[in-house]
Amino acid sequence: MNTLEMGVEGMTCASCVAHVEKALRELPGVLDATVNLATERARVDYDPAIVAPQRMADAISEVGYTPVVSEMEFAVAGMTCASCVAHVERAIRDLPGVTEATVNLATERVHVHYFPASADFADFSAAVADAGYEAHALGEQGEDESAAKQRALTAQRHGVWLAAALTLPVVVLSMGMFTFPAWDARFAAVSPFPHFWDWVQAALTTLVLFGPGLRFFRPGFIAYRRLTPDMNSLVATGTGAAWLYSMLVLLLPNLFPLTAQHIYFDSAAVVITAVLLGKYMEALAKGRGSAAIRKLMNLQAKEARVQRSEGVEESVPLASVRRGDLVVIRPGEQLSVDGIIREGASHVNQSMLTGEPIAVNRQVGDAVVGGTINQEGRLLVEATSVGKDAVLGKIIQLVERAQTGKLPIQRLADQAVQVFTPIVLAIAALSFLFWLFFGPAPAITTALISAVAVLVVACPCAMGLATPAAIMVGTGRAAEMGVLFRKGEALETLSHVDMVLFDKTGTLTEGRPALVDLLAGSLQEALRLAASLESNSEHPLALAVLAAAQAQGVVPEPVTEFSAIPGFGIQGNVNGRHVLLGARRFVEREGIDIGHWATKANDLEAEGKTVVFLAADQLPLALLAIADPIKSDAAAVVAAMKKLGLRVGMVTGDGQRTAESVARALDIDEVHAEVLPADKAGVVTALQQLGRHVAFVGDGINDAPALAQADVGIALASGTDIAIEAADVTLTRGELAGVPTALIAARKTMSNIRGNLFWAFFYNILLIPVAAGVLIPFYGIHLNPMLAGVAMGTSSIFVLGNSMRLKGLRPWKASD
């Protein structure tokens, strides 16, 4: 029986308590449940073999209350393979109060969902330590973790050099004497006693195994104790068996026939050194793979210059800055916080956020983002968000969360790893026994070499790294290109979509009306009269006319006797002329003969444009066509979607004519017009019911239900809206070009993962039988344990190297 405590929010009375207790007690496996209204906590006695903590949380939610579930991320050192991942996950999940634990081998991070009333970091750390690994809390800015990784890398490098220095004489003594018999005679002549040089090998090999090689033996035997052997166990068993056999030959030679009195210190020492070298190179590759996160972290300032009372400036750690503090930013400095400019003006380089290299002008009242560069001018910024709450901090959190997550495709590797190590141990034992009884003389030599080779060549590391290494590099590179995956699963889902549904307004179009056509005898005169009237109007279309006038340098003139007629238009006197501006029904109501203008108006309306008539003194002067302009790259993006084999749809609240006009211009396959914002999710659902895997692309403002309903929701965000909760993917630069970039990144990452998994399984399926000796009867070939150690290290490095190819991903361009 386990006891679990969890917080429960939303309870207000004794009836609430009774509802929660009843919901919990009705669950199979719950022995008792007591709820305290004052402390807002539930205490549950339960059988973990029957009911999981997550089911209890779901039961509380189902009756209308909120279980208090927290998330925590921390680092774990000492993991080497997929088996290690499984052990750490199992150790943490077995703790009362933990609902989920996900371990990522590539980033060496653990993400835990838990009830804070029942567990904390101390519990997690103890469970990880009991499993044979070390847990480390993450620093506020990641400095502690980075420093710890650097220390670990330095220690690994020293270990490799020490092992190599000790192994080299062993190899010279063993291989040299075997290859050059004359050496044997010379060494024997200077030996103080028989087998002196064999004892030198024994001493050096012992130092290798129980010095630098101790990192395999300690966790390996802890894993045996927990009945969960891993890669460390395989390496420790293989090299330990070779070392133990050799020591017995030296200490008790009479136990062995003369033909079996061979020593294998060289195999043990070289295997340890080769595996250490492979793990060191693997760690280097992991570091290069996480470069994207480090780049983002380097954009975060470590200190801020805060203006105190009476204008005194004080440099303080960024963690000490609070909302409302006034932060001084000098020319050339990085902005340390998100905030609002209260004093000064400058040009700010926002390329880290938008990808646009041209600096933008920022003045008093404008919002600025931490990590951007103040090019000139002193700024006084009122902090609105700091650290993890700032835009850059949220980006880092999103990338880290995506890198920590597990993809459905990884379940295959996880399931294989659960039985992999026991199967390898069984194969090693069977090969040893087979060759011991049926092998050529000396049978013990063939048996031992085969068993050790099987143990050493087997590589669960590659299977464990296949998915997380690719996710780490792929999502990191995507973030650099302005594509943020909220969770790693979105990568796999996006790679499988077969339809992209675009919202129209603000996504395919600019989202603001613009004057796109002006038909008049005198364009300047028509624009002047129209702008003069619109300068007095509050209608949304007025902005389009005024913007066009400003762009042409046309200055509106004063208007007298101005009036607006709702549903029709506006009128007034401009320089003594009575001017009307409005819909067709307005000029017709006023008795103005529009004549040939009617045909032109019909043509423009057929193109989905809003037509406004301009008349003066009862004579028609001009037609103004106003529309929401299609984005310049929209057609190229739609074409790219089709080239990728996707069907393209569009959903909009606009009328059918306007929607079809845009669809024709962009060559969109299907149109859903006159759809209210709340009904867009219904369109997505209908497509899914037809068997479509739908990605919905919107601006995140009124598209939240559709973004959430889609298989993958993609939000075009402005720089400060990167954390749109409903979206699985956020395009931080707010550009349509990010959609094909995201799709290509997802597909190439998944292709990379499949290649990694194929290699990891193919490697083991091919080399384990060779190591077991299946080729000996046919070709006399067996795998030397030293080569097996090199092959094992190479396997992991290959997977990491293949994943590193994703750093070559490039953002999609219209010219592609």
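The preceding data block contains the structure.
Residues numbered from 1 in each chain as written. Predicted model: local features only at pLDDT ≥ 70, side-chain atom pairs only at ≥ 80, totals over all residues. Heavy atoms only, no water.

Asks: Whenever I open this one, the sheet that holds strand 10 (residues 313–317) confuses me. Can you help?
Replies: Neighbouring strands of a sheet are bound in pairs by backbone hydrogen bonds; such pairs are parallel or else antiparallel. Strand order in this open sheet of 6 strands is 10-9-11-17-12-15, and the pairing throughout is antiparallel. Edge positions in the sheet fall to strand 10 and strand 15 (367–368), since each has one partner strand and no second. Pairing analysis gives 5 bridges linking strand 12 (residues 338–343) to strand 17 (residues 379–385), with the strands arranged antiparallel. If you follow D338 over to strand 17, its bridge partner there is S385. (Pairing = 2+ DSSP bridges. Helix = DSSP H or I, 4+ residues; strand = E, 2+ residues; numbered from the N terminus.)

Asks: Would you explain the packing of aromatic side chains in this entry?
Replies: Pairs of aromatic rings are described using the distance from one ring centre to the other and the angle between the two planes. Tallying each qualifying case throughout the model produces 12 aromatic pairs. Both rings, one in F217 and one in F221, keep their centres 6.1 Å apart while their planes meet at 40 degrees; by these two values the pair is tilted. With F217 and F221 both in helix 8 (residues 214–225) and 4 residues apart, the pair spans about one turn of that helix. When its relative accessible area of 6% is taken as the criterion, F217 is described as buried. On the basis of an interplanar angle of 35 degrees and a centroid distance of 6.1 Å, the ring pair of F221 and Y224 is categorised as tilted. Pair noted here: F221 and Y224 are both in helix 8, with a separation of 3 residues, about one helical turn. Taken together, the ring pairs connect F210, F217, F221, Y224 and W243 into an aromatic cluster. Positioned above the aromatic ring of F568 is the side chain of R585, whose terminal nitrogen or guanidinium carbon lies 5.7 Å from the ring centre. One Lys or Arg, K600, reaches over the ring of W597 and ends 5.2 Å from the middle of that ring. (Phe/Tyr/Trp six-rings, centres within 6.5 Å; stacked < 30°, edge-to-face > 60°. Buried < 20%, exposed > 50% of the residue type's maximum accessible area, 1.4 Å probe, protein only. Lys NZ or Arg CZ within 6 Å of the ring centre and 35° of its normal.)

Asks: Just to check I follow, could you spell out the pairing of strand 21 (residues 560–565) for this structure?
Replies: Here is the key point about a regular strand: its side chains alternate between the two faces of the sheet. Bridging between strand 21 and strand 22 (residues 569–574) involves 4 bridges; their strand directions are antiparallel. Residue S563 lies in a different strand from strand 22, and its bridge partner there is Q571. The turn joining strand 21 and strand 22, which pair antiparallel and follow one another in sequence, is formed by 3 residues; a positive phi near 85 degrees is taken by G567.

Asks: Is there a simple way to explain the environment of V63 in this structure?
Replies: Within the fold, V63 resides in the loop between helix 2 (53–62) and strand 4 (66–68). Classification of V63 by relative accessible area gives partly exposed; the value is 34%.

Asks: Please explain empty space enclosed by the protein as it appears in this structure.
Replies: It is a probe the size of a water molecule, rolled over the atoms, that shows where empty space is left. In the structure shown here, the tally under the stated rule is 3 cavities of 30 Å³ or more. The space that makes up the largest cavity amounts to roughly 80 Å³. In terms of lining, the largest cavity is formed by 13 residues, of which the most central are Q300, L318, S336, A390 and L392. For the lining of the largest cavity, the residue count by class is 7 nonpolar, 6 polar and no charged. (1 Å grid on protein atoms, 1.4 Å probe; cavity = no way out; pocket = protein on both sides within 12 Å on 5 of 7 lines; lining within 4 Å. Points joined across faces, edges and corners; volume = space filled by probe spheres on them. Nonpolar A, V, L, I, M, F, W, Y, C, P; charged D, E, K, R; others polar.)

Asks: Looking at this model, I keep getting lost on helix 24 (residues 656–666). Mind explaining?
Replies: Since one α-helical turn is 3.6 residues long, residues separated by three or four positions face the same way. Burial in helix 24 covers these residues: A659, S661, V662, A663 and L666. Here the buried face of helix 24 lies against helix 18 (504–508), helix 22 (597–606), helix 23 (634–643), strand 26 (647–651) and strand 27 (670–672). (Contact = heavy atoms within 4.5 Å.)

Asks: What exactly am I supposed to notice about unusual backbone geometry here?
Replies: Peptide bonds are trans in most cases, and residues, glycine excluded, mostly fall at negative phi. Residues other than glycine seldom take positive phi values, yet E561 does so here, at roughly 50 degrees. Of the residues examined, E561 reaches a relative accessible area of 66% and is grouped as exposed. Even without glycine at this site, D667 takes up a positive phi of about 60 degrees.

Asks: Looking at this structure, how should I read the pattern of salt bridges?
Replies: A pair can form between side chains of opposite charge whenever their charged atoms are brought close. Tallied over the full model, the rule gives 24 salt bridges. Residue E525 is joined to R577 by a salt bridge in which the shortest nitrogen-to-oxygen separation is 3.1 Å. Here E525, found in helix 19 (residues 523–534), pairs with R577, found in strand 23 (residues 577–582); they are 52 residues apart in sequence, far enough to count as distant. Residue class for R577 comes out partly exposed when judged on its relative accessible area of 28%. The salt bridge partner of R528 is E557, with a shortest N-O separation of 2.8 Å. Note that R528 is positioned in helix 19 and E557 in the loop between helix 20 (540–552) and strand 21, a separation of 29 residues in sequence. Several salt bridges converge on common partners, so that one network encompasses E525, R528, E557, R577 and D617. (Salt bridge = Lys/Arg side-chain N within 4 Å of Asp/Glu carboxyl O.)

Asks: Would you take a moment to explain a nonpolar patch on the surface for this structure?
Replies: Residues F193, W199, L244, L248, L251, L252 and L255 make up a contiguous nonpolar surface patch of roughly 650 Å² in combined accessible area. Residue class for L255 comes out exposed when judged on its relative accessible area of 61%. (Patch = residues over 30% accessible without salt bridge, like charges linked within 9 Å, V, L, I, M, F, W, Y side chains within 5 Å. Areas by Shrake-Rupley, 256 points an atom, 1.4 Å probe, with all protein chains shown as cover.)

Asks: What is the right way to read the packing of helix 16 (residues 460–480) against helix 29 (residues 785–804) from this model?
Replies: Angle between the axes and distance between the axes: these two values describe a pair of packed helices. Remark: helix 16 packs on helix 29, axes separated minimally by 8 Å, with the N-to-C direction vectors making an angle of 20 degrees. Judged on the interaxial angle alone, helix 29 and helix 16 are roughly parallel. Handedness of the helix 16/helix 29 crossing: right-handed. On helix 29, the residues that touch C461, A462, L465, A466, A469, A470 and V473 of helix 16 are M792, S795, S796, V799, L800, S803 and M804. Split by residue class, the contact of helix 16 with helix 29 holds 11 nonpolar, 3 polar and no charged. (Axes fitted to C-alpha atoms, helices over the stretch in contact; angles between N-to-C directions. Parallel < 35°, antiparallel > 145°, perpendicular 65-115°, else oblique. Left-handed = near helix turned anticlockwise from the far one by under 90°.)

Asks: Would you mind going over the packing of helix 15 (residues 443–457) against helix 27 (residues 738–772) with me for this structure?
Replies: It is at 8 Å that the axes of helix 15 and helix 27 come closest, and there the two elements cross at 165 degrees. Between helix 15 and helix 27, the interaxial angle falls into the category roughly antiparallel. When the axes of helix 15 and helix 27 are compared, the crossing they make is right-handed. Contacts from S450, A453, V454 and V457 in helix 15 reach Y763, N764, L767, I768, A771 and A772 in helix 27. When the residues that make up the contact of helix 15 with helix 27 are grouped by side-chain class, the tally is 8 nonpolar, 2 polar and no charged.

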